[in-house]
Amino acid sequence: MTYEDPWLRRFHPAPDAPVRLVCLPHAGGSASFYFPMARALAPAMDVLAVQYPGRQDRRHEPGVTRLTELADRIADALAPWTDRPLALFGHSMGGLLGYEIASRLEDAGHAPVALFASARRAPSRRRVESVHLRSDAGVIDELKLLDGTDSGLLLDDELLRMILPALRSDYEAIETYRHHPRPPLSTPIVALTGDTDPQVTADEAQSWSAHSSGGFALHTFEGGHFYLTRHQAEVLDVIRRTVARESAASVSAGPAYRAMGG
């Protein structure tokens, strides 16, 4: 199956894989961030990396500044790919976005087998932040704090001018988001975090447990907000084991389990 869609990148197609993993980037990030993950998981998983507007080949499109709108549009783009089970992996902004997308997929009768929320506090744990209202220098200071951008890029004015609009729209989407209480997802949630991440405390990561009735696990790694670049092998192992377990549970329980979104 192939679809031409500006929202999705399929770097290493695995058409025979039993599960698709949908990867959602961080603020300012692009689909290519997940190229190594897609390569490592193929052919066992068919990885779809989401490309938000306003970056790389979509740099001439305006960014989406409302997270719920972004979730709506990505859920629509995923509709043709629900012929087999989906799992969601989101880093930072992508974790919060994954939660909103999972709720839409459940409402449509396609509950994900798992949601991996990386480097993001639970939706109910809000902090008052205003990075999107800062000067360009202030936004760059935030990037340095999180240590997620190559230091050489931060010194290149031309490249910075290219990525700053996308960063600003992404931060606006995150910082204006408000969680509205709803029943917990039936989708199992796995939270992953770095032990020195300034954006997520251990308690904020643990709070994801309140957002799922289908099971919860927390994995803590040494490192900061971008711990996963240093611990890719361990993160991939968590993904593989979780997806295998949840997929097996769905198959063994039969149609009744799947109808409940288990």
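Note that the coordinates shown come from a computational prediction; the quantities given were computed from them, not determined experimentally.

A. Local environment of the overall build of the protein chain. Secondary structure summary: the protein chain contains nine helices and seven strands in total. Expressed as a percentage of its 262 residues, the buried residues of the protein chain come to 52%. Sequence-distant contacts, at least 24 apart, represent 80% of the contacts inside the protein chain between residues at least 6 apart. Of the roughly 11600 Å² of accessible surface on the protein chain, a fraction of 53% belongs to carbon and sulfur atoms.

B. Focus on the pairing of strand β6 (residues 189-194). Burial within β6 is extensive, with six of its six residues counted as buried. Alternating positions in β6 separate into two faces, Ile189, Ala191 and Thr193 on one and Val190, Leu192 and Gly194 on the other, with burial throughout. Two elements, strand β5 (residues 114-118) and β6, share four bridges in a ladder whose sense is parallel. By the bridge assignment for β6, Leu115 is matched with Ile189. Note: β6 against strand β7 (residues 216-221), six bridges, orientation parallel. Bridging from a neighbouring strand, Ala191 pairs with Leu218 of β7.

C. Local environment of the nonpolar core. If you look at the biggest cluster of nonpolar residues, it comprises 43 residues, and the most contacted ones within it are Val50, Tyr52, Leu70, Ile74, Leu97, Ile101 and Trp208. In terms of residues, this core owes the most to one element, helix α3 (residues 93-107), which gives seven residues. If near-sequence neighbours (up to four positions away) are discounted, Trp208 is found in contact with Gly95, Tyr99, Leu115, Ala117, Arg120, Arg121, Ala122, Pro123, Ile189, Ala191 and Phe216. Counting residues in hydrophobic clusters, the runner-up holds 28 residues, among them Val47, Ala87, Phe116 and Leu228.

D. Region of the structure containing the sheet that holds strand β3 (residues 45-50). Judged by pairing direction, the sheet is mixed, and its seven strands sit side by side in the order β1-β3-β2-β4-β5-β6-β7 without closing on themselves. Looking at which strands have only one partner, the edges of the open sheet turn out to be β1 (8-9) and β7. Two strands pair when backbone bridges link them, and strand β2 (residues 19-24) and β3 are joined in this way by five bridges, in the parallel orientation. Along β3, the bridge assignment pairs Leu21 with Val47. Each of β2, β4 (86-91) and β5 touches α3; the most contacted strand, β4, lies at about 155° to it.

E. Spotlight on the packing of aromatic side chains. The tally for this structure, following the rule as stated, stands at seven aromatic pairs. An angle of 80° between the planes, with centres 6.1 Å apart, marks the rings of Tyr34 and Phe89 as edge-to-face. Here Phe89 lies in strand β4 and Tyr34 lies in the loop between β2 and α1 (35-41), a separation of 55 residues in the sequence. We note that Tyr34, like Phe89, is buried. Three or more aromatic residues link up through ring pairs in this structure, and these residues are Phe33, Tyr34, Phe89, Phe116 and Phe226. The positively charged end of Arg58 is found above the aromatic ring belonging to Trp7, 4.3 Å away from the centroid.

F. Fine view of helix α2 (residues 67-78). With 12 residues, α2 ought to run about 16 Å at 1.5 Å a step, and its terminal C-alpha atoms sit 16 Å apart, in line with that. Of the residues making up α2, those classed as buried are Leu67, Leu70, Ala71, Ile74, Ala75, Ala77 and Leu78. For α2, the arc enclosing every buried residue in end-on projection is 155°, short of the 170-degree limit, so these residues lie on one face.

G. Layout of the pattern of salt bridges. For the structure shown, the criterion picks out 16 salt bridges. Where Asp46 meets Arg10, a salt bridge forms, and the shortest distance between an N and an O atom there is 2.8 Å. Note that Asp46 is positioned in strand β3 and Arg10 in the loop between β1 and β2, a separation of 36 residues in sequence. Each of the two residues, Asp46 as well as Arg10, counts as buried. The salt bridge partner of Arg20 is Asp83, with a shortest N-O separation of 2.6 Å. You can see Arg20 sitting in strand β2 and its partner Asp83 sitting in the loop between α2 and β4, a full 63 residues away along the chain. Looking at Arg20, the relative accessible area reads 1%, which means it is buried. In this structure, a network of salt bridges that share partners links the residues Arg10, Arg20, Asp46, Asp83 and Arg84.

Thresholds, definitions, all that
- Residues numbered from 1 in each chain as written.
- Predicted model: local features only at pLDDT ≥ 70, side-chain atom pairs only at ≥ 80, totals over all residues.
- Heavy atoms only, no water.
- Helix = DSSP H or I, 4+ residues; strand = E, 2+ residues; numbered from the N terminus.
- Buried < 20%, exposed > 50% of the residue type's maximum accessible area, 1.4 Å probe, protein only.
- Contact = heavy atoms within 4.5 Å.
- Areas by Shrake-Rupley, 256 points an atom, 1.4 Å probe, with all protein chains shown as cover.
- Pairing = 2+ DSSP bridges.
- Core = buried A, V, L, I, M, F, W, Y, C linked by side-chain atoms within 4.5 Å.
- Axes fitted to C-alpha atoms, helices over the stretch in contact; angles between N-to-C directions.
- Phe/Tyr/Trp six-rings, centres within 6.5 Å; stacked < 30°, edge-to-face > 60°.
- Lys NZ or Arg CZ within 6 Å of the ring centre and 35° of its normal.
- Expected span 1.5 Å × (residues − 1).
- Arc of directions from axis to C-beta.
- Salt bridge = Lys/Arg side-chain N within 4 Å of Asp/Glu carboxyl O.

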